[in-house]
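A closer look at the structure
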Amino acid sequence: EEMIQTLSKIFSLNTSIYKYDDYKIEVQPDAGATHRLDFNKVVLQKFDFEAVRIIALSIGQSVALDYYQSITVDLLAETKDISEELRTKGRSTRNIKNLVRYMGACMSTKQSLTDDLYIYDEPDESWDNQNVSKLFEEAKRHLEIQSRFKGIYYDLDLIQQSSEMVADLIHIRKQNVLELTIVGLIAFEVAWLIIDKFL
């Protein structure tokens with residue numbers, strides 16, 4: 001808690017949005033294997049700093065996925081509202097600025113998700129230690145890191161496609177209005193010339 005408070009002040013972080021998970025680490029010298037993962041704990045045969053770091057990394061990725069999942073749920077709710085508008089009214093009442101903000105939130109989330117988590121990169125410790133490498137793979141599988149990552153990424157792709165489609169529709173509508181305005185101005189000019197000629 002003290003470390004979190006210190007880091008929050010240094011980086012101006014909002015502590016109210018923190019997500020966390022509890023995961024126990026037990027050291028059992030008489031354990032039959034070097035490590036064992038259970039529902040909410042991992043058992044190590046001996047204390048190993050590299051193994052603890054791998055566990056912390058995996059839990060950190062899991063909690064980060066929870067955070068991005070909550071953002072994605074909000075974006076999906078907004079996507080649903082827009083889709084419902086299109087279904088019932090045949091158009092979206094959102095202006096371009098709001099849609100650009102909405103698309104930006106989606107793109108930013110996708111970018112941060114990829115940059116922050118390093119889902120497909122193995123940490124250096126796992127290259128030199130077979131037990132640590134095995135622990136890392138088991139932790140990823142146990143916490144469903146890759147499947148959750150893919151699910152969030154798929155949802156963000158769907159959101160982005162929907163927002164781009166709505167933006168295209170609004171652009172076409174504005175283009176049609178512009179074309180009608182031009183046609184109206186030309187018609188007005190022709191009418192003015194005709195009137196001027198006969199008067």
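The shown structure was predicted, so the numbers you read here are calculated from the model rather than taken from an experiment. (Residues numbered from 1 in each chain as written. Predicted model: local features only at pLDDT ≥ 70, side-chain atom pairs only at ≥ 80, totals over all residues. Heavy atoms only, no water.)

1. Quick notes on a nonpolar patch on the surface
What counts, and what does not: Note on patches: the residues involved have over 30% relative accessible area and no salt bridge, like charges join within 9 Å, and the nonpolar side chains Val, Leu, Ile, Met, Phe, Trp and Tyr join within 5 Å. To be clear on the numbers: accessible area is Shrake-Rupley with a 1.4 Å probe, and residue cover counts the displayed protein chains and nothing else. Whenever a carboxyl oxygen of Asp or Glu lies within 4 Å of a side-chain nitrogen of Lys or Arg, that contact is scored as a salt bridge. Under the DSSP-based scheme used, a helix requires at least four consecutive residues in state H or I and a strand at least two consecutive residues in state E, with every element numbered from the N terminus.
Residues Met3, Ile4, Leu7, Ile10, Phe11, Leu13 and Tyr18 make up a contiguous nonpolar surface patch of about 690 Å² in total accessible area. Summarising the element assignment, leucine 7 is placed in helix α1 (residues 2-11).

2. Focus on the sheet that holds strand β3 (residues 41-44)
Selection criterion: Strand pairing is assigned whenever DSSP detects at least two bridges linking the two strands. Only the contacting stretch of a helix is used when fitting its axis, a line to C-alpha atoms as for every element, and angles between N-to-C directions run 0 to 180 degrees.
The strand order across the open sheet formed by three strands is β1-β3-β2, and the pairing between neighbours is mixed. The sheet is open, and its two edges are formed by β1 (24-27) and β2 (35-37), each paired on a single side. When the angles between neighbouring strand axes are averaged without regard to direction, this sheet yields 15 degrees. With three bridges joining them, β2 and β3 adopt antiparallel strand pairing. Within β3, the residue paired with arginine 36 across the bridge is valine 43.

3. Concerning the environment of leucine 99
Considering the arrangement of structural elements, one finds leucine 99 in helix α3 (residues 96-117). In this structure the C-alpha to C-alpha distance between leucine 99 and isoleucine 82, which are 17 residues apart in sequence, comes to 10.0 Å.

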